[in-house]
Amino acid sequence: MDRMIKLALFVLVALCCALAVDAVDCGARNSSCSNCVKEFECYWCGANQNSTKSPCLKRAVWKLTADCSSAYHLYPSCAISGLAVMIIVIVVVCLVVIGFATCICCCCCCGNKKAKRKWQKEDDREKKDREERRLRQEGRRTERQERNDEIRKKYGLYKEDGGASSEGRYQRFDNA
């Protein structure tokens with residue numbers, strides 16, 4: 001948790017440095033918290049009751065926490081501690097990232113549903129074609145069976161009762 005606070009503090013200080021235009025004397029603003037936080041580069045330390053300039057990137061971020069405890073560090077307003085603001089910023093950024101990831105995931109899943117419908121149509125078409133081929137094959141099989149039965153009848157090899165004799169469907173020729 002302490003690393004997260006230092007990281008958030010580092011991001012906040014880096015933002016301060018990036019947006020700071022003119023050098024401001026924060027020590028001259030020690031009269032009150034509201035007077036101190038009017039300047040973007042300054043923060044109010046509630047424990048010491050003084051205004052201090054943000055360390056920017058010139059000094060280490062933990063110098064800020066060494067000068068003033070994070071619980072007493074008042075930055076954007078005097079009503080909320082700097083620690084609470086950092087936590088709120090981190091939570092909001094995390095929620096935005098999670099929302100963005102969710103949107104991307106939903107877009108991918110919706111696209112997948114369309115693809116599934118497309119594959120389902122192809123599967124249905126393949127099933128229909130397979131059934132048609134099966135029916136044509138059965139028709140050809142019955143025609144072939146009828147032709148074979150006609151040939152067997154012609155040569156006397158076919159029995160009308162379906163070949164239910166003890167000798168089987170075919171008769172053996174005797175050389176008598």
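Read on for an overview of the structure. (Residues numbered from 1 in each chain as written. Predicted model: local features only at pLDDT ≥ 70, side-chain atom pairs only at ≥ 80, totals over all residues. Heavy atoms only, no water.)

Scanning the protein from terminus to terminus reveals four helices and three strands. Counting from the amino terminus, the protein carries its helices and strands in the arrangement α-α-β-β-α-β-α. A burial count over the protein gives 20% of its 176 residues as buried. Across the protein, every contact between residues at least 6 apart in sequence was considered, and the portion connecting residues at least 24 apart equals 43%. Working note: accessible area of the protein is about 13300 Å², and carbon and sulfur atoms make up 58% of it. (Helix = DSSP H or I, 4+ residues; strand = E, 2+ residues; numbered from the N terminus. Buried < 20%, exposed > 50% of the residue type's maximum accessible area, 1.4 Å probe, protein only. Contact = heavy atoms within 4.5 Å. Areas by Shrake-Rupley, 256 points an atom, 1.4 Å probe, with all protein chains shown as cover.)

What follows is about a nonpolar patch on the surface. On the surface, Ile87, Val91 and Leu95 cluster together to form a nonpolar patch covering roughly 260 Å² of accessible area. The topology assignment puts Val91 in helix H4 (residues 82-154). (Patch = residues over 30% accessible without salt bridge, like charges linked within 9 Å, V, L, I, M, F, W, Y side chains within 5 Å. Salt bridge = Lys/Arg side-chain N within 4 Å of Asp/Glu carboxyl O.)

Quick look at the pattern of salt bridges now. Per the stated rule, a full pass over the model turns up three salt bridges. Between Glu131 and Arg134 there is a salt bridge, and its shortest N-O distance comes to 2.4 Å. Of this pair, Glu131 and Arg134 both sit in helix H4, three residues apart, which is roughly one turn of that helix. Taking the relative accessible area as the measure of exposure, Glu131 reaches 36% and is therefore partly exposed. Note on Arg134: relative accessible area 37%, which makes it partly exposed.

Below, the discussion takes up the pairing of strand E2 (residues 50-53). Examined bridge by bridge, strand E1 (residues 42-45) and E2 share four bridges and lie antiparallel to one another. Looking at E2, one finds that Trp44 is bridged to Ser51. Linkage of E1 to E2, two consecutive antiparallel strands, is achieved through a turn of four residues, within which Gln49 is found at a positive phi near 60 degrees. (Pairing = 2+ DSSP bridges.)

A cluster of acidic side chains, namely Asp123, Asp124, Glu126, Asp129 and Glu132, defines a negative patch on the protein surface. Structurally, the position occupied by Asp129 is in helix H4. (Lys, Arg positive; Asp, Glu negative; His and termini not counted. Charge placed at Lys NZ, Arg CZ, Asp CG, Glu CD.)

The next subject is the nonpolar core. Grouped together as the largest cluster of nonpolar side chains are six residues: Cys26, Cys33, Cys36, Val37, Cys42 and Trp44. Elements supplying a minimum of two residues to this core: helix H2 (33-36) and E1. When residues no more than four places from it in sequence are discounted, the contact partners of Cys26 are Glu41, Cys42, Ser51, Thr52 and Lys53. (Core = buried A, V, L, I, M, F, W, Y, C linked by side-chain atoms within 4.5 Å.)

Here we come to a positive patch on the surface. On the surface, a cluster of positive charge is contributed by Lys127, Arg130, Arg133, Arg136, Arg140, Arg141, Arg144 and Arg147. Looking at the element boundaries, Arg133 is found in helix H4. You can call Arg133 partly exposed: its relative accessible area is 44%.

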